[in-house]
Amino acid sequence: MTAGAIYALIALGYTLVYGVLRLINFAHSEIFMIGIFASLFAIDGLGIDVTDSPKTGLTLALTLGAVMVVAMLTSGFLAVAIERIAYRPLRRRGAPRLAALITAIGVSLFLQELFAARYGREFLGFPRVLEKRKLFTFQGADVRSDKVLVIVAAVVLALALERFVARSRLGRGIRATAQDAETAALMGVNIDRVVMLTFFLGGVLAGAAGTLYGVFFESARYDIGFLPGIKAFTAAVLGGIGNIRGALLGGILLGLLEKWGATVLGGEWTDVFAFTVLVVVLMFRPTGLLGESLGRSRA
Amino acid sequence: MPTRARALDFRRRIAVVDPVARLWGRLPVRAKVVVGAAVLAVAIAWPPHLSRYSQAVLFFPVGVYILLALGLNIVVGSAGLLDLGYVAFFAVGAYTTAVLTTTHGWTAWEALPFAVIFAMVAGVVLGAPTLRLRGDYLAIVTLGFGEIVRIVAQNSGSLGEARGITGIAHPGSVAGAEFRLLPLPYYYLTLAAIGLAVVIIVRLGHSRVGRAWSAIREDEDAAEAMGVHTFTMKLWAFAMGSSIGGLAGWIFASKVGFINPDNFPFFFSVIILAAVVLGGMGSIPGVIAGAFAIGALPEYLRDAAAGEWLTARLNSLTGGEVRTITEYRVLLFGASLVAMMVFRPQGLLPSRRRAAELADAAPEHSLAAAPEAAVVAAATAPAAAAEPVVVEATGAAPDEVELPAAIADVAATAADVVLDLNDLTMRFGGVVALSEVSISVDRSQIFGIIGPNGAGKTTLFNCITGVFHPTSGDIVLNGRSIVGKKPHLITEAGIARTFQNIRLFPELTALENVLVGVDARHGTSVPGAVLGLPRHRREERDGRREAERLLAYVGIQGRAGDAARNLSYGDQRRLEIARAIATGPSILLLDEPAAGMNPTEKRALIRLIRQIRDSGLTVVLIEHDMGLVMNVCDRVAVLDFGQKIADGPPAEVQADERVIEAYLGVADAS
Amino acid sequence: MLLELSDVRVHYGKVEALRGISLTVDEGEIVTLIGGNGAGKSTTLKTISGLRPVTSGTIHFEGRSVVDTPAHKLVERGLSHAPEGRGIFPGMTVVENLEMGAYARKGGRSMVTAELDRVYGLFPRLLERRSQPGGTLSGGEQQMLAIGRALMAGPKLLLLDEPSMGLAPMLVAQIFDIITEINRQGTTILLVEQNAAQALRRAHRAYVLETGRIVRSDTAAALLDDESVKAAYLGGDISPDDPEASGTPG
């Protein structure tokens, strides 16, 4: 469920970009990875040390808030930069989607290896920020404070995004562009700006996911984004890619399915199980559970 | 657009290799063979004089990369299916070899066929459920499959888990050559495999199978409508690609003697893909060159002073402390993939076709997406349209423009009532597009279907050709119901069509376009083409002759070697008709064939349609142009709001009150 | 002069789609472009509204060059385009679609409400359907929505691409009545039509396009009476007993 909430946040980025550009932003997993690193550095920057005890109350809220903002902005601007450098030239040329996907893979590898070269190929540990306290037991499962926080934060952010897209003027621009970009331009929508905004929003959520992942799993590595990225994409497809609520539903559903799969088959088979779910869903319901379309996801 | 101009400028600056690529493109086939033979001679004669280390590098990564890139090229370059998990097939081949030679004690040679077959089976198992997916979903699913294979290896006791499998047998000696751990024999083994792969790919490329792959890549729906079994053909591409992957896996495993899951990471797939893309998708020399560069460069840079220098530069750039250039390999691949797609998407040595597809495939340029663009093409070649060849052909004596016998025979054996529609109804959600339409078309008739825009004419065609499955009603062709069949089977049953907005395979030549149609009547598949069986050779020979004849039949024999996209609009229409006739139909459906034509072109079209009827074929056409319909048709049906409101000889229909009201009334009301 | 195109050329790849188009639209006029399929009518409109890059030539709107102005800026300047095929956002309701039309305007809620009222006045049907998704409307309703949406931008010049396409004859007349009414209320209109008879009856002036070139231009009334135009665009090109098309080949 915790993993599912994080998948959901990352999935929103895939879904937004796919909804508007019909592009699988393969580099999104690295935007998430860099969100984790940004969180780690922000925690360092706040002078928090491995020897410090976990934060509580207001200190926790402030620390977490500050770290998350740093990560969100870092990832958000990184996503925009990637769009400008790697995708926009192709978009201008009207290049086929295959070309864009290959570019995305290139960006993804480049960023991974950049971080590998700079910060090494070993895991970096996080100081403990979030107390892992048992709150109560629900149907035999421990409900821990950190888990609750991750899930609540993810759901709140996802709902905020949905509200933004459904209600705001720019959100309307995003939906219009997703449904018919050329007509949207005729309505006065600046397509380049909408695309930029879409990448930014996706990046911001991936950054938030990075912070949550960081304080929950407490480690960072150059290739840490790969698996959650693929899983999040699976979640987006599961819920219906391009559909905001679908991403939320897909993420949480995938988290639960994985947990169940791990119990039945054993933990080492979790990933195989997740991929199998993806294949099966695509075979029987290629547009996902809630269907594709950014336009129809109204509040 | 300043940004656009700048991008173009960059591309020009980057294109230092262009002269080479262009020169290669211009070389005649014979010269290419000579160059290929020279490269092969060097590849055979030179390695024994190299150091043991260089020999090892030539085997792995260089040789193995080239072999894998050729295999992946079938999937990505030929059939246009993006596979991000190609390493899985390499792994299956390697693990099959490992298990058979250790646990079961087989020799490496005994394991060879099974390594290839298991990889092929893996390809089919992955492909069968997933090949119906859209392109980018397929990419993700194949990526997932690659990971699944790796994780399974990692977690299965019988596959050695993370430790892997050791003690894999080396191949026994062949003709006195010992294998063991020496790199050179394996290098020659790989070279032989590469040679085999090239022969297979070239043979497939010049066969029905290769044309089907091209057609699928360029326009899958049109391919299906021309009788291409798209699913089977895609599955063949997967099977061929994966078996080459399995072969590479066998060579690799039997050489190193030890494998574990870390040999098969995701980025291995990406490296091979990078080789294919860098070299130029679909072009064999390009792919070989790309794989060679990707395999050899890091190894070369590792020792050379340039490598140290570059590593130091990159370290200062990234703030890293990496010692050898190999650690920057993937980073450089990533960057070059991006640079490649941004500045030179067609690759270093592009294949002619893929170059055009990837470099400027703006939606406006494709035939299917922008009828206007295609339409105005007519304007660009007014001279061509008036070339004596065309005029002469369209007005040529009938005995010179007969249909190929095989096609005329099919037409002649059609039933008296070729096509019979009974109470055909088509609903989309709540909208009734067709309501109980009954039409019966006699042999050798020109049957016109007219009606205002949105009356259901194209829906009717789509129901007949299997694109839509009607909600109720029956469609009978030559006495047999064809309702519910897939488009390619309906084409085989004897219905051929053209499209309202022309859907040729734009990068294939005119002749190849017609050949795709001819192939619908042929049966050669991969084995026949690879082995060059007599049936395949006969089909190719006859097919080519028939295709040439058909081009002459529609009057564009002079354009056989031109890419379809370069034909004028009128010639594209003719080519599309020739392609449809090539499938050997008993009935030909023309969807607004005169759209966008000027009066002169329309007159020529009318003559062509009559000529087709006189050759014994039955023609059904949808048209807007009342005059043309009245002029050419033997019988006319009028649709309005999905209902048939009139049916009869043209003069009778023209006088019908309801028709005047529904259709003619709009233009004539004053 | 509200709009002036001078020797405009446009390419799709290597293909020249517009081969030197020159035309003018004065304030208060209805001007129509007629011509066959693929003559370049839609391309002309798309080029004016900034959707297609110009290879050479100039376009002036209210005296200022707009050749390099992107589409979304042109809307702000008062140029509105109801595209071919209507371009309804299928997942948005009728109101949301209409509000998208006012996307570029700065005038707040009250302005939007006033414009909505005006559009509902012209198309009462849209008021009935206002909370229905655009994708579920009938063809005629979608066309009304497309025109209404274009009006929401408060345009000085309205570009209409094939408003009668796919509509039943009765609806066609209705749509053209409304177009005339919109023009009477003060909006200049550049109309592209396949239905040349109707278009010429409603317009003040007309241009005839053939393969990317303007081959005729005159008052609409004059063209309506012109024999060659009649033959080419008002009744189909080929007469049923065209001598040149008759007879067997050879």
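Residues numbered from 1 in each chain as written. Chains lettered and ligands numbered in written order. Predicted model: local features only at pLDDT ≥ 70, side-chain atom pairs only at ≥ 80, totals over all residues. Heavy atoms only, no water.

Asks: Please give an account of the domain arrangement of chain B that cites residues and values.
Replies: All names here are of chain B. With domains assigned, chain B is organised as domain 1 (49-283) and domain 2 (373-664). Facing 23 residues of domain 1, the contacting portion of domain 2 comprises 34 residues. Together domain 1 and domain 2 conceal approximately 2,500 Å² of surface at their shared face, both sides included; 61% is due to carbon and sulfur atoms. Considering only the side of domain 1, the residues that lose the most area to domain 2 are Arg-208, Arg-211 and Met-226, jointly responsible for 32% of the buried surface there. Connecting domain 1 to domain 2 are four salt bridges. Residues Asp-219 and Arg-503 are paired through a salt bridge, measuring 2.9 Å at the closest nitrogen-oxygen approach. In this assembly, domain 1 and domain 2 are joined by 13 residue pairs in polar contact (both at pLDDT 80 or more). In terms of residues, the side of domain 1 that touches domain 2 owes the most to one element, helix 9 (residues 208-218), which gives six residues. (Domains from an automatic or database assignment. Contact = heavy atoms within 4.5 Å. Buried area = accessible area lost by both parts, 1.4 Å probe. Salt bridge = Lys/Arg side-chain N within 4 Å of Asp/Glu carboxyl O. Polar contact = N/O pair within 3.5 Å; in protein donor to acceptor, adjacent residues only side chain to side chain. Helix = DSSP H or I, 4+ residues; strand = E, 2+ residues; numbered from the N terminus.)

Asks: Describe empty space enclosed by the protein, naming the residues involved and giving the relevant values.
Replies: Using a probe with the size of a water molecule, rolled over the atoms, empty space left in the structure can be pinpointed. Tallying each qualifying case throughout the model produces five cavities of 30 Å³ or more. Arg-208, Arg-211, Ala-212, Met-226, Gly-227, Val-228, His-229, Met-233, Val-516, Asp-519 and Ala-520 of chain B are the residues that line the largest cavity. For the lining of the largest cavity, the secondary structure elements donating two or more residues are helix 9 and helix 23 (510-519) of chain B. For the lining of the largest cavity, the element with the highest residue contribution is helix 9 of chain B, accounting for three residues. Here the lining of the largest cavity is composed, by residue class, of six nonpolar, two polar and three charged. Summarising the domain contributions, the lining of the largest cavity has at least three residues from each of domain 1 (49-283) and domain 2 (373-664) of chain B. Forming the boundary of the second largest cavity are Tyr-14, Ile-24, Phe-26, Ser-29, Phe-226, Gly-229, Ile-230 and Phe-233 of chain A together with Ile-140 of chain B. When its residues are assigned to classes, the lining of the second largest cavity shows seven nonpolar, two polar and no charged. (1 Å grid on protein atoms, 1.4 Å probe; cavity = no way out; pocket = protein on both sides within 12 Å on 5 of 7 lines; lining within 4 Å. Points joined across faces, edges and corners; volume = space filled by probe spheres on them. Nonpolar A, V, L, I, M, F, W, Y, C, P; charged D, E, K, R; others polar.)

Asks: Lay out the environment of Leu-78 of chain A in plain terms, naming residues and giving numbers.
Replies: Residue and element names in this part refer to chain A. By the secondary structure assignment, Leu-78 is in helix 3 (residues 57-93). Placed 72 residues apart in sequence, Leu-78 and Ile-6 show a C-alpha to C-alpha distance of 19 Å. Here Leu-78 is in contact with Ile-31, Ile-34 and Leu-111, once residues within four sequence places are set aside.

Asks: I'd like a rundown of the sheet that holds strand 3 (residues 417-428) of chain B, residues and numbers included.
Replies: Residues and elements named next belong to chain B. The strand order 4-3-6-7 describes an open sheet built from four strands, whose pairing is antiparallel. In the strand order of this sheet, the two ends are held by strand 4 (431-442) and strand 7 (480-481), each with one partner. Bridge count between strand 6 (residues 472-477) and strand 7: two bridges; the pairing is antiparallel. Across the sheet, Val-476 pairs through a bridge with Ser-481, a residue of strand 7. Most of the contacts of helix 21 (residues 457-464) go to strand 3, to which it runs at about 115°, and overall it touches strand 3, strand 4 and strand 6. (Pairing = 2+ DSSP bridges. Axes fitted to C-alpha atoms, helices over the stretch in contact; angles between N-to-C directions.)

Asks: Tell me what's going on with a nonpolar patch on the surface, and back it up with residues and numbers.
Replies: All names here are of chain A. Taken together, Leu-135, Phe-136, Phe-138, Val-148, Val-152 and Val-156 make up a surface patch of nonpolar side chains, about 540 Å² in accessible area. Counting residues per element, the ones that place at least two in the nonpolar patch are strand 2 (134-138) and helix 5 (145-167). Along the chain, Val-156 falls in helix 5. Owing to a relative accessible area of 51%, Val-156 belongs among the exposed residues under this scheme. (Patch = residues over 30% accessible without salt bridge, like charges linked within 9 Å, V, L, I, M, F, W, Y side chains within 5 Å. Areas by Shrake-Rupley, 256 points an atom, 1.4 Å probe, with all protein chains shown as cover. Buried < 20%, exposed > 50% of the residue type's maximum accessible area, 1.4 Å probe, protein only.)

Asks: So what's going on with the side chain of Ser-243 of chain B? Which residues, and what values?
Replies: Residue position: Ser-243 of chain B is located in helix 11 (residues 230-256). Take Ser-243 of chain B: its relative accessible area is 8%, and that puts it in the buried class.

Asks: With reference to specific residues and values, describe helix 4 (residues 97-119) of chain A.
Replies: All names here are of chain A. Helix length check: helix 4 (23 residues) gives 33 Å between terminal C-alpha atoms against 33 Å at 1.5 Å per residue, within 8%. Judged by how many residues are buried, helix 4 sits mostly within the fold: 18 of 23 residues are covered. The positive-phi residue at the C-terminal boundary of helix 4 is Gly-120, with phi of around 80°. (Expected span 1.5 Å × (residues − 1).)

Asks: Any chance you could break down the confidence of the model for chain B for me, citing the residues and the numbers?
Replies: Residues at a pLDDT of 70 or more form 87% of chain B, whose mean pLDDT is 82. At the level of chain-chain contacts, confidence expressed as ipTM amounts to 0.86, with global pTM at 0.82. (pLDDT = per-residue confidence, 0-100.)

Asks: How would you explain the packing of aromatic side chains if you had to name every residue and give the values?
Replies: Inspection of the entire model under this criterion finds 29 aromatic pairs over all chains. Ring centres 6.0 Å apart and planes at 75° place the aromatic pair Phe-60 of chain B and Tyr-65 of chain B in the edge-to-face group. With a centroid separation of 5.1 Å and 80° between ring planes, the pair formed by Trp-106 of chain B and Phe-114 of chain B is classed as edge-to-face. In textbook terms, an aromatic cluster arises when at least three aromatic residues are bridged by ring pairs, as seen for Phe-60, Tyr-65, Phe-90, Tyr-95, Phe-252, Phe-264 and Phe-268 of chain B. Here Arg-169 of chain A stacks its cationic end above the ring of Tyr-103 of chain C, 4.2 Å away from the centre of that ring. Cation over ring: Arg-221 of chain A sits above Phe-123 of chain A, and NZ or CZ is 4.3 Å from the ring centre. (Phe/Tyr/Trp six-rings, centres within 6.5 Å; stacked < 30°, edge-to-face > 60°. Lys NZ or Arg CZ within 6 Å of the ring centre and 35° of its normal.)

Asks: Before we move on, can you summarise the layout of surface pockets with the specific residues and values?
Replies: Residue and element names in this part refer to chain A. In this structure, the second largest pocket encloses a volume near 1,400 Å³. Together, 46 residues line the second largest pocket, and Tyr-213, Leu-227, Pro-228, Lys-231 and Asp-271 are the ones closest to its centre. Residue classes in the lining of the second largest pocket are distributed as 26 nonpolar, six polar and 14 charged.

Asks: Can you lay out the interface of chain B and chain A for me, pointing to particular residues and giving the numbers?
Replies: Note on interface size: it is often stated as the accessible area lost on association of the parts. Every contact between the two is made by 51 residues of chain B and, on the other side, 45 residues of chain A. Interface of chain B and chain A: buried area, both sides summed, is about 4,100 Å²; carbon and sulfur atoms make up 76% of it. For the chain B face of the interface with chain A, the top three residues by lost area are Asp-136, Tyr-137 and Ile-140 of chain B, together amounting to 15%. Here chain B and chain A share zero salt bridges between them. Counting across the chain B and chain A interface gives one residue pair in polar contact (both at pLDDT 80 or more). When residues of the side of chain B that touches chain A are traced back to their parent elements, those giving at least two are helix 1 (2-14), helix 6 (108-130), helix 7 (135-155), helix 12 (266-279), helix 15 (329-343) and helix 16 (352-359) of chain B. Among the elements that line the side of chain B that touches chain A, the one with the most residues is helix 7 of chain B, at 12 residues. Across the side of chain B that touches chain A, the residue classes tally to 33 nonpolar, nine polar and nine charged.

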